[in-house]
Amino acid sequence: MSNTNKLKIFNDPIYGFITIPNPLIYDLIQHPYFQRLRRISQMGLSSLVYPGANHTRFHHALGCLHIMQKAIQVLRFKNTTISAEEENALYIAILLHDIGHGPFSHAMERSIVEAVHHEEISLLFMNKLNVEFDGQLSLAIQIFKEEYPRKFMLQLISSQLDMDRMDYLKRDSFYSGVEEGKINSDRLIQMMNVVDDVLVIEEKGIYSVEKFLMARRLMYWQVYLHKTSLVAELTLTNILKRAKELYQKGIAITCSDNLLFFIENKISLTDFNDVILNKFAQLDDTDIVGAIKHWQNHQDFTLSSLSKMIINRDLLKIKMNEDKFSKEEVQELTEQFSKTNNIGLQEAKYFVFKGKIRNQAYSKLAEPIRILKKDGSIEDVALLSDQLSLKALSKQVTKYFLCFPKQLNKN
């Protein structure tokens, strides 16, 4: 096949046309590992709240590739030397940064592939692809693992103002219809520069940075941490935990072979070999949806009730509070539900539980967003901004929640 056939374009509702820069990127996009991302939703179960939020990780990865091309163009124009090899490594790293995500994003990490973070799985996929592509991903992996001396390259992929965040805020606000998440990524990219191999934003871009951080905060409260999305994701996590628990008790669980493998086995990071990685690569949202549709009719009250909640969008009630809910409150509701439905207290805990969520738009502990002032000095955006709101954005806000079945009618 000639190379020209590989220089395709994608039509994207956010940026218009996205071009594939070279045949290697085309081959990576064509790889089954990457094509799987078409079947992984970008926003988990948020479509239960925002019906339009059905876009995929595949969309998002291509968007990140596109704005990385723009960023490299701007930085080169401002005399930052980026070799052809480095440019390609940045494309590969940003394209594959999310390749390790499991079905419905985070629910898997909290239930059946416990304690294995998606970034660790992304790295396993990258290493495997590197073998298949004769070492052409080596530099991208080095950057991804923070082992490359040019710091700004990692900052473009993973920082408080990276291509990943820029794309998902713009994309998720577009598909969910939540206007508050809109950001001007073009302006932010035009304001980027590099000083001593560190990424900076020119002073005249400070308001765009403030707008970006504000948009991120609002998107977390309004979309990512929306109470209905939250209760749906926790219910899904509990469904998978319950399926695993039943399997361990010797009760038959019917689902796809690949999902069953992860229900049957306790898999840690050290267990991941090529066979297990390939099984993981076969998992996507359809395995989960298919399983819970089936489990609605399972003989186990807990598994079938929780599955029906997701399928019919008839979810648990969730109360949010500034203060913690007491153990007594939880205990009382658990006992009440256990009695009403004639199930054990352990099972009732799948329906009554509490927790907390945190939102922090800008962390002072992480690598700061640096502003390049006109006099050449560099300051943390939080210190330079005349916006009191930016200081507020650095504060971590914690909210507490309590989930319980609607029929318990807690006022």
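Each remark here, short or long, concerns the structure printed above.
Residues numbered from 1 in each chain as written. Predicted model: local features only at pLDDT ≥ 70, side-chain atom pairs only at ≥ 80, totals over all residues. Heavy atoms only, no water.

1. So, the pattern of salt bridges
Move 1: If you walk through the whole model with that rule in mind, you get 20 salt bridges.
Move 2: Residue K406 is joined to D314 by a salt bridge in which the shortest nitrogen-to-oxygen separation is 3.1 Å. Pair noted here: K406 is in the segment after β9 (397-404) and D314 is in the loop between α15 (301-311) and β5 (317-321), with a separation of 92 residues, a long-range link.
Move 3: The class of K406 is partly exposed, set by a relative accessible area of 42%.
Move 4: Overall, D314 belongs to the partly exposed group, its relative accessible area being 44%.
Move 5: Several salt bridges converge on common partners, so that one network encompasses R242, E245, K249, D300 and E347. (Salt bridge = Lys/Arg side-chain N within 4 Å of Asp/Glu carboxyl O. Helix = DSSP H or I, 4+ residues; strand = E, 2+ residues; numbered from the N terminus. Buried < 20%, exposed > 50% of the residue type's maximum accessible area, 1.4 Å probe, protein only.)

2. Digging into unusual backbone geometry
Move 1: One non-glycine residue with positive phi stands out, namely D196, at about 50°.
Move 2: Within the secondary structure, D196 sits in the loop between β3 (192-195) and β4 (198-202).

3. Things to note about the pairing of strand β1 (residues 9-12)
Move 1: Relative to strand β2 (residues 16-19), β1 runs antiparallel, the two sharing four bridges. Across the sheet, the residue bridging to D12 is G16, located in β2.
Move 2: Counting the residues that bridge the hairpin from β1 to β2 gives three residues. (Pairing = 2+ DSSP bridges.)

4. A closer look at the packing of aromatic side chains
Move 1: By the definition in use, this model includes 13 aromatic pairs.
Move 2: On the basis of an interplanar angle of 80° and a centroid distance of 6.2 Å, the ring pair of F10 and F58 is categorised as edge-to-face. Pair noted here: F10 is in strand β1 and F58 is in helix α3 (residues 57-77), with a separation of 48 residues, a long-range link.
Move 3: Judged by its relative accessible area of 22%, F10 is partly exposed.
Move 4: The buried category is assigned to F58, whose relative accessible area is 5%.
Move 5: For the pair F301 and F337, a centre-to-centre distance of 6.4 Å together with 40° between the ring planes defines the contact as tilted. Within this pair, whereas F301 is found in helix α15, its partner F337 is found in helix α16 (residues 327-341), the two being separated by 36 residues in sequence.
Move 6: Judged by relative accessible area, F301 falls into the partly exposed class, the value being 30%.
Move 7: Taken together, the ring pairs connect Y33, F125, F261, F262, F272 and F280 into an aromatic cluster.
Move 8: If you follow R38 out to its NZ or CZ, it ends over the ring of F58, 3.9 Å from the centre. (Phe/Tyr/Trp six-rings, centres within 6.5 Å; stacked < 30°, edge-to-face > 60°. Lys NZ or Arg CZ within 6 Å of the ring centre and 35° of its normal.)

5. What to know about the packing of helix α8 (residues 163-176) against helix α10 (residues 206-224)
Move 1: It is the contact of α8 with α10, at a shortest axis distance of 11 Å, that shows an interaxial angle of 50°. In terms of orientation, α8 and α10 fall into the oblique class. In this structure, α8 meets α10 at a crossing whose hand is left-handed. Contacts from R165, M166, Y168, L169, D172, S173 and S176 in α8 reach F212, A215, R216, M219, Y220, V223 and Y224 in α10.
Move 2: Taken together, the residues of the contact of α8 with α10 sort by class into nine nonpolar, two polar and three charged. (Axes fitted to C-alpha atoms, helices over the stretch in contact; angles between N-to-C directions. Parallel < 35°, antiparallel > 145°, perpendicular 65-115°, else oblique. Left-handed = near helix turned anticlockwise from the far one by under 90°. Contact = heavy atoms within 4.5 Å. Nonpolar A, V, L, I, M, F, W, Y, C, P; charged D, E, K, R; others polar.)

6. Some thoughts on α8
Move 1: Taking 1.5 Å as the rise per residue, α8 with 14 residues should run 20 Å; its terminal C-alpha atoms sit 20 Å apart, in good agreement.
Move 2: Summarising burial for α8: 13 of the 14 residues are buried, a large majority.
Move 3: Immediately beyond the C-terminal end of α8, within one or two residues, lies G177, with a positive phi of roughly 85°. (Expected span 1.5 Å × (residues − 1).)

7. Observations concerning a positive patch on the surface
Move 1: A surface patch of like charges, here positive, comprises K324, K327, K354, K356 and R358.
Move 2: It is strand β6 (residues 353-359) that provides the largest number of residues to the positive patch, a total of three residues.
Move 3: Mapped onto the elements of the fold, K354 is located in strand β6. (Patch = residues over 30% accessible without salt bridge, like charges linked within 9 Å, V, L, I, M, F, W, Y side chains within 5 Å. Areas by Shrake-Rupley, 256 points an atom, 1.4 Å probe, with all protein chains shown as cover. Lys, Arg positive; Asp, Glu negative; His and termini not counted. Charge placed at Lys NZ, Arg CZ, Asp CG, Glu CD.)

8. Quick notes on the side chain of R242
Move 1: On the secondary structure map, R242 appears in helix α11 (residues 227-248).
Move 2: Beyond its immediate sequence surroundings of up to four residues, R242 is in contact with K249, D300, T302, L303, E347 and Y350.

9. Looking at the sheet that holds β9
Move 1: Reading across from one edge, β5-β9-β6 is the order of the three strands in this open sheet, with antiparallel pairing throughout. Looking at strand neighbours, the two that pair on one side only are β5 and β6, the edges of this open sheet. Averaged over neighbouring strand pairs, the angle between their axes works out to 25° when direction is ignored.
Move 2: Here seven bridges tie β6 to β9, and the two strands are oriented antiparallel to one another. Bridge assignment links K354 to a residue of β9, and that residue is L402.
Move 3: Most of the contacts of α10 go to β6, to which it runs at about 165°, and overall it touches β6 and β9.
Move 4: On top of the sheet, α16 reaches β6 and β9; it is set at about 20° to β9, its chief contact.

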